[in-house]
Amino acid sequence: MKAVVFDMDGTILHTLPDLAVAANAALDAMGYPRRTYGEIEAFMGNGAQRLIECCVPDGTPDSLKKRTFEVWRSIYLQSGYTNTAPFPGIVEAIRQLRAASVKTAVLSNKFDAGVQALNQRFFPGLFDAARGEVPPTPRKPDPTSLLQMIHELGVSPRETAYVGDTRVDVRTARAAGVFMAGVSWGYDHANPLPIDELDAYLHEPGELISLATR
């Protein structure tokens, strides 16, 4: 295996606390009811815009959904990510992969500015590429962005593993023809991992090393 591409939220970073705080701050600003932590977790997996669309009350006009997302985005980018942290063992696992000459990258449905900010904050120098949602390229599970990244890394799909925590990630990996490794510690409440469809199911990050170098 020559490359490992990671999802971000729920796979390498525990981002939910800051996402929830920013979501409820945006709902407050718009005069909408707050959401519970569990509700916000259940809305994860399809990008930030979809997250906010799920948070606002049913029947909210599209224009106000868009405005709520803009408010949320501003709050989130200025949050300082004080409650966000890599999952235990992730940073060391990525370092070990790179020491074994395995290329590493991040591909997320999170808006790209958020991916870049979090990458620089928590993983400086640890990824050969990092990308979030960049319109007009369709978001996962469409494989376009993953295949583009694989090409940029100079490897082939059969030499690549995708690591994620939701069914969306599995569908992306299958469409791209790559090895799919699911993680047990993610945010898969809304999009449960079909464990029987995985190529590998990881219970701790260190398992990535033997997976990639076997």
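Residues numbered from 1 in each chain as written. Predicted model: local features only at pLDDT ≥ 70, side-chain atom pairs only at ≥ 80, totals over all residues. Heavy atoms only, no water.

Undergrad: Can you help me understand the overall build of the protein chain in this one?
TA: Helices and strands together make up the secondary structure of the protein chain, namely nine helices and eight strands. For 214 residues, the compact-globule estimate of 2.2 N^0.38 gives 17 Å, and the protein chain sits close to it at 17 Å. With the C-alpha coordinates of the protein chain rotated into their principal frame, the extents come out at 55 × 30 × 30 Å. In the protein chain, which comprises 214 residues, the share counted as buried stands at 52%. For the protein chain, long-range pairs separated by at least 24 residues make up 65% of all intrachain contacts whose partners lie at least 6 apart in sequence. Surface accessibility of the protein chain: about 9,300 Å² in total, with carbon and sulfur atoms responsible for 50%. (Helix = DSSP H or I, 4+ residues; strand = E, 2+ residues; numbered from the N terminus. Rg over C-alpha atoms; globule rule 2.2 N^0.38 Å. Buried < 20%, exposed > 50% of the residue type's maximum accessible area, 1.4 Å probe, protein only. Contact = heavy atoms within 4.5 Å. Areas by Shrake-Rupley, 256 points an atom, 1.4 Å probe, with all protein chains shown as cover.)

Undergrad: So what exactly am I meant to see when it comes to the nonpolar core here?
TA: For soluble globular proteins, nonpolar side chains are generally found buried alongside one another. Among the nonpolar cores identified, the biggest contains 56 residues, and Phe6, Ile12, Trp72, Phe123 and Leu202 are the most heavily contacted of them. Of all the elements, helix α1 (residues 16-30) adds the most residues to this core, at seven residues. Once you skip the residues sitting within four places of it in the chain, isoleucine 12 turns out to touch Phe6, Asp7, Ala85, Pro86, Phe87, Ile90, Val106, Phe123 and Phe127. Counting 18 residues, the second largest nonpolar core, distinct from the first, contains Leu146, Ile150, Ala173 and Ala176. (Core = buried A, V, L, I, M, F, W, Y, C linked by side-chain atoms within 4.5 Å.)

Undergrad: Is there a simple way to think about empty space enclosed by the protein in this case?
TA: Following the criterion strictly, the structure yields two cavities of 30 Å³ or more and no others. The calculated volume of the largest cavity comes to roughly 220 Å³. What lines the largest cavity is a set of 20 residues, among which Asp9, Met44, Gly45, Asn46 and Gly47 lie closest to the centre. Contributing elements (two or more residues each) for the lining of the largest cavity: α3 (48-55), β4 (103-111) and α8 (167-176). Per-class residue counts for the lining of the largest cavity are eight nonpolar, six polar and six charged. Volume-wise, the second largest cavity comes out at about 70 Å³. (1 Å grid on protein atoms, 1.4 Å probe; cavity = no way out; pocket = protein on both sides within 12 Å on 5 of 7 lines; lining within 4 Å. Points joined across faces, edges and corners; volume = space filled by probe spheres on them. Nonpolar A, V, L, I, M, F, W, Y, C, P; charged D, E, K, R; others polar.)

Undergrad: When you look at the pattern of salt bridges in this model, what are you seeing that I'm missing?
TA: Side chains bearing opposite charge may pair, as long as their charged atoms lie close to each other. All chains considered together, the criterion is met by 13 salt bridges. Between glutamate 133 and arginine 139 there is a salt bridge, with the nearest N and O atoms lying 3.2 Å from each other. On the basis of relative accessible area, glutamate 133 is assigned to the partly exposed category, the value being 22%. What you see here is one network of salt bridges that share partners, running through Asp7, Lys140 and Asp169. (Salt bridge = Lys/Arg side-chain N within 4 Å of Asp/Glu carboxyl O.)

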